[in-house]
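Letter by letter, the chains look like this.
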Amino acid sequence: MGFTLRDHTADVAVEADGESLGAVFAAVADGLTAAMCDDPAETGDRFSFAVRAEGREALLFDYLDQLIYERDVRGVLPAAHEAAVRREGDEWVVEASARGVPFADVDARDVKAVTYSEMRLAETDTGWEAYVVFDV
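About the cut-offs
- Residues numbered from 1 in each chain as written.
- Predicted model: local features only at pLDDT ≥ 70, side-chain atom pairs only at ≥ 80, totals over all residues.
- Heavy atoms only, no water.
- Helix = DSSP H or I, 4+ residues; strand = E, 2+ residues; numbered from the N terminus.
- Buried < 20%, exposed > 50% of the residue type's maximum accessible area, 1.4 Å probe, protein only.
- Contact = heavy atoms within 4.5 Å.
- Expected span 1.5 Å × (residues − 1).
- Pairing = 2+ DSSP bridges.
- Axes fitted to C-alpha atoms, helices over the stretch in contact; angles between N-to-C directions.
- Polar contact = N/O pair within 3.5 Å; in protein donor to acceptor, adjacent residues only side chain to side chain.

Enquirer: Whenever I open this one, the environment of Pro102 confuses me. Can you help?
Expert: Counting through the fold element by element, Pro102 comes out in strand S5 (residues 91–102). Taking relative accessible area as the criterion, Pro102 reaches 30% and is therefore assigned partly exposed. If we ignore the near neighbours within four places in the chain, the residues touching Pro102 are Thr43, Gly44, Gly75 and Val76.

Enquirer: Looking at this structure, how should I read helix H1 (residues 21–36)?
Expert: Every α-helix carries 3.6 residues per turn, so stepping three or four residues along brings you back to the same face. Relative to the 22 Å expected for 16 residues at 1.5 Å per residue, H1 spans 23 Å between its end C-alpha atoms, a close match to the ideal helical length. Along H1, 14 of the 16 residues are buried, which leaves the element largely enclosed by surrounding structure.

Enquirer: What's the story with the sheet that holds S5 in this structure? I'm lost.
Expert: Pairing between the strands of a sheet is mediated by backbone hydrogen bonds and can be parallel or antiparallel. Ordered by their spatial adjacency, three strands build an open sheet running S3-S5-S4, and the pairing between neighbours is antiparallel. The open sheet has two edge strands, strand S3 (45–53) and strand S4 (76–88), and neither has a second partner. Strand-to-strand twist across the sheet, computed as the mean angle between neighbouring axes with direction ignored, equals 20°. The sheet contact formed by S4 and S5 spans 11 bridges and is antiparallel. Within S5, the residue paired with Arg87 across the bridge is Trp92. Across the sheet, H1 lies against S4 and S5, angled at about 160° from S4, the strand it touches most. Most of the contacts of helix H2 (residues 56–74) go to S3, to which it runs at about 145°, and overall it touches S3, S4 and S5.

Enquirer: What should I look at first to understand the side chain of Thr115 in this one?
Expert: By secondary structure assignment, the location of Thr115 is in the loop between strand S6 (113–114) and strand S7 (120–124). A distance of 2.9 Å separates a polar side-chain atom of Thr115 from the backbone oxygen of Val133. Discounting residues that sit within four places of it in the chain, Thr115 has contacts with Phe61, Val132, Val133 and Asp135.

These values are about where atoms sit, not about what they do.
See the structure below:
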């Protein structure tokens, strides 16, 4: 279980799978990191955050968007992702953490945004799979 980067016209796509929703969210986030940096350093401190949304796909979008926001505000490359997803009433919640690798320690490429274009999140016989396109 993990992720694969896929060429996508002028953008980059991540195809990922995981045994749980949290695992597939973290795998897509690991793919986002790989799209920004070939070899992230093992430096940096962990940070945590939570995101809420009305649906699973919206939650995945908002989670990845929050990682891009954290990257920009903190000046770090989010890496080594962990995520736990649950339903809470009418909402979906992801509680997540990542290691923030300082930009000074990496040679990072810019990923501008996550998109809804071709986004897919589906349950399979062995867990979950996702496909997400990022604007570069």
